[in-house]
Protein chains: 2
Amino acid sequence: MSQPSYVIGHQQPDTDTIISAVAYARLKQAQGEDAAPARAGAINPETQFVLDRWEVEKPALLEDAAGERLALVDHNEHSQTVSGAREAEITDIVDHHRIGDVETSSPIFFRNEPVGSTATILTRLYDEADVEIDAQTAGLLLSGLLSDTVVLRSPTTTDTDRTVAERLADIADVDYETYGKELLQQKSKLGEKEPRE
Amino acid sequence: MSQPSYVIGHQQPDTDTIISAVAYARLKQAQGEDAAPARAGAINPETQFVLDRWEVEKPALLEDAAGERLALVDHNEHSQTVSGAREAEITDIVDHHRIGDVETSSPIFFRNEPVGSTATILTRLYDEADVEIDAQTAGLLLSGLLSDTVVLRSPTTTDTDRTVAERLADIADVDYETYGKELLQQKSKLGEKEPRE
Ligand SMILES: [Mn+2]
Ligand SMILES: [Mn+2]
Ligand SMILES: [Mn+2]
Ligand SMILES: [Mn+2]
């Protein structure tokens, strides 16, 4: 088996970035790949709330990615990548932003869609791979989706996001409006205290 | 409805590029989009054979893409795009090559997979959109796949390509080994005569 890969989101990670790292690493593991979630910065209070709520460990901090194999989630430009990414091998990208400046020397898996969150795309990737989404993973994915779309109220929200949110809420066994309100309250606490590290 | 878009492959078009432009434009049309296939250069003899065999018109030549909306297929770097592409709006990319230097200002649909042909990915996109592949479209897609993979013998050939080829051959009602041999014979004629224009 080849070198393990880190699944990692952007610097100054938000909830969608962190839960996408966890959920995509799990999907890769389910497909027999040796992948681990990582993060490029401190966890913010909203994300800490999500990790506590779903009882998930925060991904390990990756300080320097030089020489590593990286799957990028929730971003695709070098100004936002973990330090050392230019000296890393990028193996996959899953994102929902503009197309940035990441180039590769070989063909890779790159999935970018104009939807409200990376979590939305990851839900589809689970389905395509026929991998079951457990309640905990659904809770994480739902959190990324609701955080990025401000509980489906942002202008970036698509019908796909709405359908996926309902399905994830079902699996996670929460009411997404109620849970979303809780999440937003955490968001408004951002800046009140230093990010935990 | 917004401005119509051109679906276009790389300069010095090969069979996978031309049939991908046709097949992706058809898929977009089936989804209610106003899309037309185009090409960035002369049709080579192998591709002309394919168009004749499946009774399909060659896409119109697009000389200057400035100001147009473009869906790029079978490439994703500016050195290979139609002239004027830097002044065009790129709306989607479907490809199977290394990640190149195309950047966008907004999120777009970008699907790149390390498989043998763009045709392979397009077949999947038809399935995901639940759009039926008719015999003619299957014949085109199969031609792109067999051309790029040298009838499933190139080192870039994946299991997905093999599965997709069998399915497309079924729909197109051809034996892919026999048809592939015919295709390869056209390929060996490349260079014997000037590309038709
Ligand atoms: Mn983000
Ligand atoms: Mn996001
Ligand atoms: Mn090509
Ligand atoms: Mn190709």
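Each chain carries its own residue numbering, running from 1 in the written order of its sequence. Naming scheme: in the order in which they are written, chains are lettered from A and ligands are numbered from 1. Predicted model: local features are reported for residues with pLDDT of at least 70 only, side-chain atom pairs are reported and counted for 80 or more only, and whole-chain, interface and lining totals are derived from all residues. No hydrogens and no water enter the side-chain calculation; it runs on all heavy atoms of the structure.

By the naming in an unreviewed UniProt entry, chain A goes by inorganic diphosphatase and is assigned to Natronorubrum texcoconense. Checking UniProt for chain A, the heading Catalytic activity (unreviewed entry) contains the comment "diphosphate + H2O = 2 phosphate + H(+)". UniProt positions are given in the numbering used here, feature names are shortened, and annotations may be inferred rather than shown by experiment.

Residue and element names in this part refer to chain A. The residue T81 is located in the loop between strand 4 (69–73) and strand 5 (89–95) in this model. Summary of the burial criterion: residues with accessible area below 20% of their type's maximum are buried, those above 50% are exposed, and those between are partly exposed, where the area comes from a 1.4 Å probe applied to protein chains only. According to the relative accessible area criterion, T81 is buried, its value standing at 4%. A distance of 3.0 Å separates a polar side-chain atom of T81 from the backbone oxygen of H78. By definition in these notes, contact holds between two residues if any of their heavy atoms fall within 4.5 Å. If we skip the residues at most four places from it in the chain, T81 touches Q11, L72 and H75. Helical segments are the DSSP runs of H or I of at least four residues, strand segments are the runs of E of at least two, and each set is numbered from the N terminus. Distance and chemistry together define a polar contact, namely a pair of N or O atoms within 3.5 Å, with one atom able to donate a hydrogen and the other to accept it when in protein, and with adjacent residues in sequence counting only for side-chain atoms on both sides.

This brings us to the interface of chain B and chain A. Listed as interface residues are 20 residues of chain B and, on the opposing side, 20 residues of chain A. Interface area, chain B with chain A, both sides summed: about 1700 Å², of which 53% is carbon and sulfur. When two components associate, each loses some accessible surface as probed by a 1.4 Å sphere; the sum of these losses over both components is called the buried area. By the criterion of area lost to chain A, the three top residues of chain B are R98(B), I99(B) and F110(B), representing 31% of everything that side buries. Between Lys or Arg on one side and Asp or Glu on the other, a salt bridge is scored when a side-chain nitrogen of the former is within 4 Å of a carboxyl oxygen of the latter. Across the chain B-chain A interface, the total number found is two salt bridges. Between R98(B) and E103(A) there is a salt bridge, with the nearest N and O atoms lying 3.3 Å from each other. Our count for the chain B to chain A interface comes out at ten residue pairs in polar contact (both at pLDDT 80 or more). At four residues, strand 6 (residues 109–112) of chain B tops the list of elements feeding residues into the side of chain B that touches chain A. Sheet topology note: the strand 6 (residues 109–112) of chain A/strand 6 of chain B ladder contains three bridges and is antiparallel. In the sheet register, N112(A) faces strand 6 of chain B, and the bridge partner there is F110(B). Being paired, for any two strands, means DSSP has found at least two bridges between them.

The next subject is the pattern of salt bridges. Tallied over the entire structure, the rule returns 22 salt bridges over all chains. Between E177(A) and R153(A) there is a salt bridge, with its nearest N and O atoms 3.3 Å apart. Of this pair, E177(A) sits in helix 6 (residues 176–189) while R153(A) sits in the loop between helix 4 (135–148) and helix 5 (159–172), and the two are 24 residues apart along the sequence. Residue R153(A) is classed as exposed on the basis of its relative accessible area of 56%. One salt bridge connects D92(B) with K28(B), and the closest N-O pair in it is separated by 3.1 Å. Here K28(B) lies in helix 1 (residues 15–30) and D92(B) lies in strand 5 (residues 89–95), a separation of 64 residues in the sequence. Comparing D92(B) with K28(B) shows no difference in burial state: the two are buried.

All names here are of chain A. With water omitted from the atoms examined, metal sites may look incomplete; donors here are N, O and S atoms no farther than 2.8 Å from the metal, or 3.2 Å in the case of Na, K and Ca. Around the manganese ion (ligand 2), the protein contributes the donor atoms D16 (OD), D74 (OD), H96 (NE2) and D148 (OD), at 2.1 to 2.2 Å from the metal centre. In the primary structure, the donors to the manganese ion (ligand 2) are separated according to the pattern D-x57-D-x21-H-x51-D. Between the two metals, the manganese ion (ligand 2) and the manganese ion (ligand 1), the spacing is 3.5 Å, and D74 donates to both. Pair noted here: D74 is in the loop between strand 4 and strand 5 and D148 is in helix 4, with a separation of 74 residues, a long-range link. Taking relative accessible area as the criterion, D74 reaches 1% and is therefore assigned buried.

With that settled, the discussion passes to the coordination of the manganese ion (ligand 4). Residues and elements named next belong to chain B. The manganese ion (ligand 4) binds to the protein through D16 (OD), D74 (OD), H96 (NE2) and D148 (OD); the donor distances cover 2.1 to 2.2 Å. Between the manganese ion (ligand 4) and the manganese ion (ligand 3), a spacing of 3.5 Å is present, and a bridge between the two is formed by D74. Of this pair, D74 sits in the loop between strand 4 (69–73) and strand 5 while H96 sits in the loop between strand 5 and strand 6, and the two are 22 residues apart along the sequence. The same class applies to D74 and to H96, which are both buried.

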